[in-house]
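So the chains spell out like this:
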Amino acid sequence: MAKAKKRNTRRPLTATEAHLWTCLRAFHQGHRAGISPAILASQVGLSERRLRAALTALVKIHGRPICTHPDHGVFVIRDAQDAALAQRCRADHSSPVRHRQP
C-alpha cells in the first residue's frame, strides 16, 4: 500500500504578513539590525497589537526565523549567534517567574 502524500495545509501569506516579512528581510537581518516593535509598527502602518499578531503568524504558521528580543528588538535570525540569542530569550520567557517574599 502506497503512503498518501501529506498535504501542505499552510495558508499563503496575507498581504500584511508578506509586507512585514519583506521589510524585515530587507532591513533587519541579525540582532544588530533589530528594530523596536513600536517603530516597526509605525513603519508598516500597523497597530502594535496587529504587528504582534502578524509576527506570531509568520513564526508559528509560516516558520519564518524571527526573534523579538527586549534589548535588540525585532530581527530576522541569520546565523548561529542570532539563533542562540533567540533561544536564550525564549527560555527566559518560558521559565516561571519567582517572586521574592518580603
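Right above here is the structure, for reference.
The notes below deal with the structure included here.

So, how was this worked out
Residues numbered from 1 in each chain as written. Predicted model: local features only at pLDDT ≥ 70, side-chain atom pairs only at ≥ 80, totals over all residues. Heavy atoms only, no water. Helix = DSSP H or I, 4+ residues; strand = E, 2+ residues; numbered from the N terminus. Contact = heavy atoms within 4.5 Å. Areas by Shrake-Rupley, 256 points an atom, 1.4 Å probe, with all protein chains shown as cover. Pairing = 2+ DSSP bridges. Core = buried A, V, L, I, M, F, W, Y, C linked by side-chain atoms within 4.5 Å. Buried < 20%, exposed > 50% of the residue type's maximum accessible area, 1.4 Å probe, protein only. Expected span 1.5 Å × (residues − 1). Arc of directions from axis to C-beta. Salt bridge = Lys/Arg side-chain N within 4 Å of Asp/Glu carboxyl O.

### A look at the overall build of the protein chain
Across its full length, the protein chain carries 4 helices and 2 strands. In sequence order, the protein chain lays out its α and β elements as α-α-α-β-β-α. Taking as baseline every contact in the protein chain between residues at least 6 positions apart, the subset at least 24 positions apart corresponds to 55%. Here the protein chain displays about 7800 Å² of accessible surface, and carbon together with sulfur accounts for 53% of that area.

### A look at the pairing of strand S1 (residues 66-69)
Look at any regular strand and the pattern is simple: side chains alternate between the two faces of the sheet. When S1 meets strand S2 (residues 73-76), the two strands line up antiparallel, connected through 4 bridges. Directly across from Thr-68, in S2, lies its bridge partner Val-74. Counted along the chain from S1 to the antiparallel partner S2, the turn is 3 residues long.

### What to know about the nonpolar core
Membership of the largest hydrophobic core comes to 16 residues, with the highest contact counts inside it found for Leu-20, Leu-24, Leu-40 and Leu-51. For this core, the secondary structure elements donating two or more residues are helix H1 (15-27), helix H2 (37-44), helix H3 (48-60) and S2. Formed by 5 residues, the second largest nonpolar core is a distinct cluster that contains Cys-67, Phe-75, Ile-77 and Ala-86.

### Considerations on H3
The end-to-end C-alpha distance of H3 is 18 Å, a good match for the 18 Å that 13 residues give at a rise of 1.5 Å each. Among all positions in H3, only Leu-51, Ala-54, Leu-55, Ala-57 and Leu-58 are buried. All buried residues of H3 fall inside an arc of 160° around its axis, so they share one side. Every exposed residue of H3 that faces more than 90 degrees away from the buried side is listed here: Arg-49 and Lys-60. On its buried side, H3 packs onto H1, H2, S1 and S2.

### Side note on the pattern of salt bridges
Going through the model one piece at a time under the given rule, you end up with 2 salt bridges. Close ionic contact of Glu-17 with Arg-11 constitutes a salt bridge, the shortest N to O distance being 2.9 Å.

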